[in-house]
Amino acid sequence: SQQGEEDPQALSIQEGENATMNCSYKTSINNLQWYRQNSGRGLVHLILIRSNEREKHSGRLRVTLDTSKKSSSLLITASRAADTASYFCARRVTGGGNKLTFGTGTQLKVEL
Amino acid sequence: DVKVTQSSRYLVKRTGEKVFLECVQDMDHENMFWYRQDPGLGLRLIYFSYDVKMKEKGDIPEGYSVSREKKERFSLILESASTNQTSMYLCASSLRTEISYEQYFGPGTRLTVT
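Rules behind the numbers
Residues numbered from 1 in each chain as written. Chains lettered and ligands numbered in written order. Predicted model: local features only at pLDDT ≥ 70, side-chain atom pairs only at ≥ 80, totals over all residues. Heavy atoms only, no water. Pairing = 2+ DSSP bridges. Helix = DSSP H or I, 4+ residues; strand = E, 2+ residues; numbered from the N terminus. Axes fitted to C-alpha atoms, helices over the stretch in contact; angles between N-to-C directions. Contact = heavy atoms within 4.5 Å. Polar contact = N/O pair within 3.5 Å; in protein donor to acceptor, adjacent residues only side chain to side chain. Nonpolar A, V, L, I, M, F, W, Y, C, P; charged D, E, K, R; others polar. Disulfide = S-S within 2.5 Å. Buried < 20%, exposed > 50% of the residue type's maximum accessible area, 1.4 Å probe, protein only. 1 Å grid on protein atoms, 1.4 Å probe; cavity = no way out; pocket = protein on both sides within 12 Å on 5 of 7 lines; lining within 4 Å. Points joined across faces, edges and corners; volume = space filled by probe spheres on them.

Peer 1: When you look at the sheet that holds strand β3 (residues 19-25) of chain B in this model, what are you seeing that I'm missing?
Peer 2: Working definition: the strands of a sheet are paired by backbone hydrogen bonds and lie parallel or antiparallel to each other. Residues and elements named next belong to chain B. Spatial ordering of the open sheet is given by β1-β3-β8-β7, a layout of four strands whose pairing is antiparallel. The outermost strands of the open sheet, each flanked by one partner alone, are β1 (4-6) and β7 (64-70). Across the sheet, the mean angle separating the axes of adjacent strands is 20 degrees when strand polarity is ignored. Across five bridges, the pairing between β7 and strand β8 (residues 73-78) is antiparallel. In the strand pairing of β8, Ser65 is matched with Ile77.

Peer 1: Whenever I open this one, the interface of chain A and chain B confuses me. Can you help?
Peer 2: How large an interface is tends to be reported as the accessible area lost when its parts come together. Each partner contributes to the interface: chain A provides 21 residues, whereas chain B provides 26 residues. At the junction of chain A and chain B, the tally comes to four residue pairs in polar contact (both at pLDDT 80 or more). Looking at the side of chain A that touches chain B, the elements with two or more residues in it are β4 (29-37), β5 (43-50) and β9 (85-93) of chain A. Its residues placed into classes, the side of chain A that touches chain B shows six nonpolar, eleven polar and four charged.

Peer 1: Just to check I follow, could you spell out the environment of A:Tyr35 for this structure?
Peer 2: Structurally, A:Tyr35 can be placed in strand β4. In the structure, A:Tyr35 is positioned 54 residues away from A:Cys89 in sequence and 6.3 Å away in space, judged by C-alpha atoms. Polar contacts involving the side chain of A:Tyr35 include one to the side chain of A:Gln33, which spans 2.7 Å. At a separation of 2.9 Å, a polar atom in the side chain of A:Tyr35 contacts the main-chain amide nitrogen of B:Gln103.

Peer 1: Any chance you could explain the state of the cysteines here in plain terms?
Peer 2: Here, the word disulfide means a covalent bond between the sulfur atoms of two cysteines. Summed over the entire model, instances satisfying the criterion amount to two disulfides over all chains. Disulfide pairing is shown between A:Cys23 and A:Cys89; the S-S distance is 2.0 Å. For the disulfide bridge between A:Cys23 and A:Cys89, the dihedral angle about the S-S bond is near 65 degrees, and by the sign convention the bridge is right-handed. Within this pair, whereas A:Cys23 is found in strand β3 (residues 19-24), its partner A:Cys89 is found in strand β9, the two being separated by 66 residues in sequence. Of the two residues, A:Cys23 and A:Cys89, neither departs from the other in class, the shared state being buried. For B:Cys23, the disulfide goes to B:Cys91, at an S-S distance of 1.8 Å. Here B:Cys23 and B:Cys91 share a disulfide; its torsion about the S-S bond, -75 degrees, makes the bridge left-handed. Of this pair, B:Cys23 sits in strand β3 while B:Cys91 sits in strand β9 (residues 87-94), and the two are 68 residues apart along the sequence.

Peer 1: Teacher, can you tell me more about the layout of surface pockets here?
Peer 2: Reported here for the largest pocket is a volume of approximately 560 Å³. A:Gln37, A:Ser86, A:Phe88, A:Gln107 and B:Gln37 are the residues nearest the centre of the largest pocket, which is lined by 22 residues in total. Broken down by secondary-structure element, the contributors of at least two residues to the lining of the largest pocket are β9 and β11 (106-111) of chain A together with β4 (31-38) and β9 of chain B. Residues that form the lining of the largest pocket fall into these classes: five nonpolar, 15 polar and two charged.

Written out as structure tokens, the structure is:
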């Protein structure tokens, strides 16, 4: 499967703590994107990192990409209860056109 | 803001019925996608379209067809619904470029086939 894996499948933390989610994949990519999904809703794009980039920041989000290990991580700093959601990584596979391949997601719960 | 709308949030159909799921986007995007989302399986691509009247199969096209007669509208058709097609269906759109931009998603349609 080209889907790859997200790790952990579920994560529960206290408000104010940092949350780290990991994504591994198997094929070469042009870029990798992270999306968020609130319960029962559509996905919302968070951040995109290109294959020639190693790290990217957006507000409280930090994404890293290691193409040699075929892995990426999403760090949410100073988490809030409103960050409770599922997080998905999606890869634009080399030669795959504009299609994205999504992982199975990490369910994050941030408790007060 | 890009807006992607789907015709229904919840839908209940009977086995054997023909089901139409409609998706409309208002940002003149060339690409449109249909996914299904099941617990533990993530999002799986059913079909996508990169232009009017153009379509390509995704990873799981069996039992589905699509129609794109206008740029803003992409329909998913279940010719004869079956219980294993009970799922959350998500539509998305994006620009068609050499450098992939993000996809914009609709709110989803939760379909139950009884």
